[in-house]
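Close look at the chain arrangement
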Amino acid sequence: MANIKSQIKRIKTNEKSQARNKSVRSSIKTAIRRFKDVSAGTDAAKTAEELRAASKALDVAVSKGVIHANAAANKKSAMAKAANKTSAK
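Things to note about the overall build of the protein chain
On a plain count of helices and strands, the protein chain comes out with three helices and zero strands. In terms of overall size, the protein chain is more extended than a compact globule, its C-alpha atoms giving a radius of gyration of 18 Å where 89 residues would be expected to give roughly 12 Å. Reported as C-alpha extents along the three principal axes, the dimensions of the protein chain are approximately 65 × 20 × 15 Å. In the protein chain, once contacts between residues fewer than 6 apart in sequence are set aside, the share between residues at least 24 apart is 53%.

A look at the packing of helix 2 (residues 44-64) against helix 3 (residues 69-88)
Two quantities define a packed helix pair, namely the angle between the helix axes and the distance between the axes. Two elements in contact, helix 2 and helix 3, have axes whose closest approach is 10 Å; the angle formed by their N-to-C orientations is 180 degrees. By the angle class used here, helix 2 and helix 3 are roughly antiparallel. Facing Ala44, Thr47, Leu51, Ala54, Ser55, Leu58, Asp59 and Val62 of helix 2, the residues of helix 3 in contact are Ala69, Ala72, Lys75, Lys76, Met79, Ala80, Ala83, Thr86 and Ser87. Partitioned by chemical class, the residues of the contact of helix 2 with helix 3 number 10 nonpolar, four polar and three charged.

Here we look at the packing of helix 1 (residues 5-39) against helix 2
Relative to each other, helix 1 and helix 2 sit at 160 degrees, their axes nearing to 9 Å. Regarding the angle of helix 1 to helix 2, the classification is roughly antiparallel. Crossing geometry of helix 1 relative to helix 2 is assigned as left-handed. Mapping the contact onto sequence places Val24, Ile28, Ala31, Ile32, Arg34, Phe35, Val38 and Ser39 in helix 1 and Lys46, Thr47, Glu50, Leu51, Ala54, Ala57, Leu58 and Ala61 in helix 2. Of the residues that constitute the contact of helix 1 with helix 2, the class distribution is 11 nonpolar, two polar and three charged.

Details of helix 3
An α-helix turns once per 3.6 residues; consequently, residues spaced three or four apart project the same way. Between the first and last C-alpha of helix 3 there are 28 Å, a value that for 20 residues agrees with the 28 Å anticipated at 1.5 Å per step. Here helix 3 has its buried residues at Ala72, Met79, Ala83 and Thr86. Buried positions in helix 3, seen along its axis, are confined to an arc of 50 degrees and lie on one side of it. Along helix 3, the residues that are exposed and aim more than 90 degrees away from the buried face are Asn70, Asn74, Lys81, Asn84, Lys85 and Ala88. Packing partners of the buried residues in helix 3 comprise helix 1 and helix 2.

A few points about the nonpolar core
Counting 15 residues, the largest nonpolar core has Ile28, Leu58, Ala61, Ile67 and Met79 as its most contacted members. For this core, the elements supplying multiple residues, two or more each, are helix 1, helix 2 and helix 3. If near-sequence neighbours (up to four positions away) are discounted, Leu58 is found in contact with Ile28, Ile67, Ala72, Lys75, Lys76 and Met79.

The rules behind these values
- Residues numbered from 1 in each chain as written.
- Predicted model: local features only at pLDDT ≥ 70, side-chain atom pairs only at ≥ 80, totals over all residues.
- Heavy atoms only, no water.
- Helix = DSSP H or I, 4+ residues; strand = E, 2+ residues; numbered from the N terminus.
- Rg over C-alpha atoms; globule rule 2.2 N^0.38 Å.
- Contact = heavy atoms within 4.5 Å.
- Axes fitted to C-alpha atoms, helices over the stretch in contact; angles between N-to-C directions.
- Parallel < 35°, antiparallel > 145°, perpendicular 65-115°, else oblique.
- Nonpolar A, V, L, I, M, F, W, Y, C, P; charged D, E, K, R; others polar.
- Left-handed = near helix turned anticlockwise from the far one by under 90°.
- Expected span 1.5 Å × (residues − 1).
- Buried < 20%, exposed > 50% of the residue type's maximum accessible area, 1.4 Å probe, protein only.
- Arc of directions from axis to C-beta.
- Core = buried A, V, L, I, M, F, W, Y, C linked by side-chain atoms within 4.5 Å.

As structure tokens, then:
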């Protein structure tokens, strides 16, 4: 354990941000998994709805600094491609 007061404060702050980041990453994974489950079917409207929800979750994570903007863009692009395949069926 640190002896310096400012370092003790940093440890507490880091623990809080780690917990928040873990929660946000988990919600992103859940949103993407829901999208993948729906996109396996043939319902284009439901796929579009889940794509919107997953994209929003990714955008929120980027704004909070949890993931990098390019990582979110890559995931959104891949999901959009999959959604277009579903709507083309």
